[in-house]
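Results of the structural survey
As a plain string of letters, each chain reads:
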Amino acid sequence: MSVRIHATTLAIEGHGVMLMGPSGSGKSDLALRLIDRGARLVSDDYSEVAVVAGELRATAPPTIAGKIEVRGLGIVAMPYLPDIAVALVVRLGGAVARMPEPGESTDIAGIAVPVVTLDAFESSAPIKVELAIKVELALRAAREAL
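By the naming in an unreviewed UniProt entry, the chain is Aldolase, taken from Sphingomonas glacialis.

Structure representation (structure tokens):
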């Protein structure tokens, strides 16, 4: 069974990153900048998530698959991936801690997913997202090696 959540999902180097935040928090804008840097669209604005073989997987609702909203241009067709395992949530629109507590996570469909909070409109936001997924994957590899 899948659940629809308010999130834009991208694939960065084959790993799912969900951008979550209220309307106007910059999900689609940040997604466009990440796509320009090599990320792939999975779903814009809403994602359907389901637990498959113990991992959280995200896909686009059929009505919006392969589409992204670009403020000032409207709805634009774009190549997309049909689904991805989610490795990180990027929370947008909240207060960004200078030195956040390590190991923060959020529960989605019963799966704990690592989370970071960023300001989508900072010019460095795409780089921070890419760095956050690399750090998370390194931490995951270190935990699995123990």
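Resuming the write-up.
**Regarding the overall build of the chain**
Helix and strand counts for the chain stand at two helices and ten strands. Tracing the chain from N to C terminus, the helices and strands come up as β-β-α-β-β-β-β-β-β-β-β-α. A compact globule built from 146 residues would reach a C-alpha radius of gyration of about 15 Å, and the chain, at 14 Å, matches this within 12%. Here the C-alpha coordinates of the chain stretch approximately 45 × 35 × 25 Å along the principal axes. Out of the 146 residues in the chain, the part that is buried amounts to 40%. Relative to all contacts within the chain whose residues are 6 or more apart in sequence, the contacts with residues 24 or more apart total 65%. Summed over all atoms, the accessible surface of the chain reaches about 8,000 Å², with 58% contributed by carbon and sulfur. Here the chain carries 14 positive and 17 negative side-chain charges, and the mean point of each set is 2 Å from the other.

**Quick notes on the UniProt feature "domain: HPr kinase/phosphorylase C-terminal" (unreviewed entry) in the chain**
Those places that UniProt annotates as "domain: HPr kinase/phosphorylase C-terminal" (unreviewed entry) correspond, in this numbering, to residues 3–78. Along residues 3–78, the helical share is 13% and the strand share 53%, with 23 Å between the first and last C-alpha atoms.

**Here's the deal with the packing of helix 1 (residues 27–36) against helix 2 (residues 125–145)**
Where helix 1 contacts helix 2, the axes come no closer than 9 Å and their chain directions differ by 75°. Classified by the interaxial angle, the pair formed by helix 1 and helix 2 is roughly perpendicular. Contacts between helix 1 and helix 2 involve Leu30, Arg33 and Leu34 from the former and Ala125, Pro126, Val129 and Glu130 from the latter. Here the contact of helix 1 with helix 2 is composed, by residue class, of five nonpolar, no polar and two charged.

**What to know about helix 2**
Taking 1.5 Å of rise per residue, the 21 residues of helix 2 would be expected to cover 30 Å, and the 30 Å separating its terminal C-alpha atoms lies within 8% of that figure. Taken residue by residue, helix 2 has Ala125, Pro126, Val129, Glu130, Ala132, Ile133 and Glu136 as its buried positions. Buried positions in helix 2, seen along its axis, are confined to an arc of 155° and lie on one side of it. Set apart from the buried face of helix 2 by more than 90 degrees, the exposed residues are Leu131 and Ala145. If you follow the buried residues of helix 2, they end up packed against strand 1 (3–12), strand 2 (15–20), helix 1, strand 8 (83–92) and strand 10 (111–118).

**A closer look at a nonpolar patch on the surface**
A contiguous nonpolar surface patch, about 270 Å² in accessible area, is contributed by Leu131, Val135 and Leu139. Locating leucine 139 in the fold gives a position in helix 2. Assessed through its relative accessible area of 44%, leucine 139 is described here as partly exposed.

**Things to note about the pairing of strand 4 (residues 46–52)**
The two faces of the sheet receive side chains in turn, since in a regular strand these alternate between them. Bridge count for strand 1 against strand 4 is four bridges, and the pairing is antiparallel. Residue pairing across strands places arginine 4 opposite glutamate 48, the latter belonging to strand 4. Across five bridges, strand 4 lies against strand 5 (residues 55–59) in antiparallel orientation. Of the residues in strand 5, the one forming a bridge with valine 49 is alanine 58.

Conventions and cut-offs
Residues numbered from 1 in each chain as written. Predicted model: local features only at pLDDT ≥ 70, side-chain atom pairs only at ≥ 80, totals over all residues. Heavy atoms only, no water. Helix = DSSP H or I, 4+ residues; strand = E, 2+ residues; numbered from the N terminus. Rg over C-alpha atoms; globule rule 2.2 N^0.38 Å. Buried < 20%, exposed > 50% of the residue type's maximum accessible area, 1.4 Å probe, protein only. Contact = heavy atoms within 4.5 Å. Areas by Shrake-Rupley, 256 points an atom, 1.4 Å probe, with all protein chains shown as cover. Lys, Arg positive; Asp, Glu negative; His and termini not counted. Charge placed at Lys NZ, Arg CZ, Asp CG, Glu CD. UniProt positions renumbered as here; feature names shortened; annotations may be inferred. Axes fitted to C-alpha atoms, helices over the stretch in contact; angles between N-to-C directions. Parallel < 35°, antiparallel > 145°, perpendicular 65-115°, else oblique. Nonpolar A, V, L, I, M, F, W, Y, C, P; charged D, E, K, R; others polar. Expected span 1.5 Å × (residues − 1). Arc of directions from axis to C-beta. Patch = residues over 30% accessible without salt bridge, like charges linked within 9 Å, V, L, I, M, F, W, Y side chains within 5 Å. Salt bridge = Lys/Arg side-chain N within 4 Å of Asp/Glu carboxyl O. Pairing = 2+ DSSP bridges.

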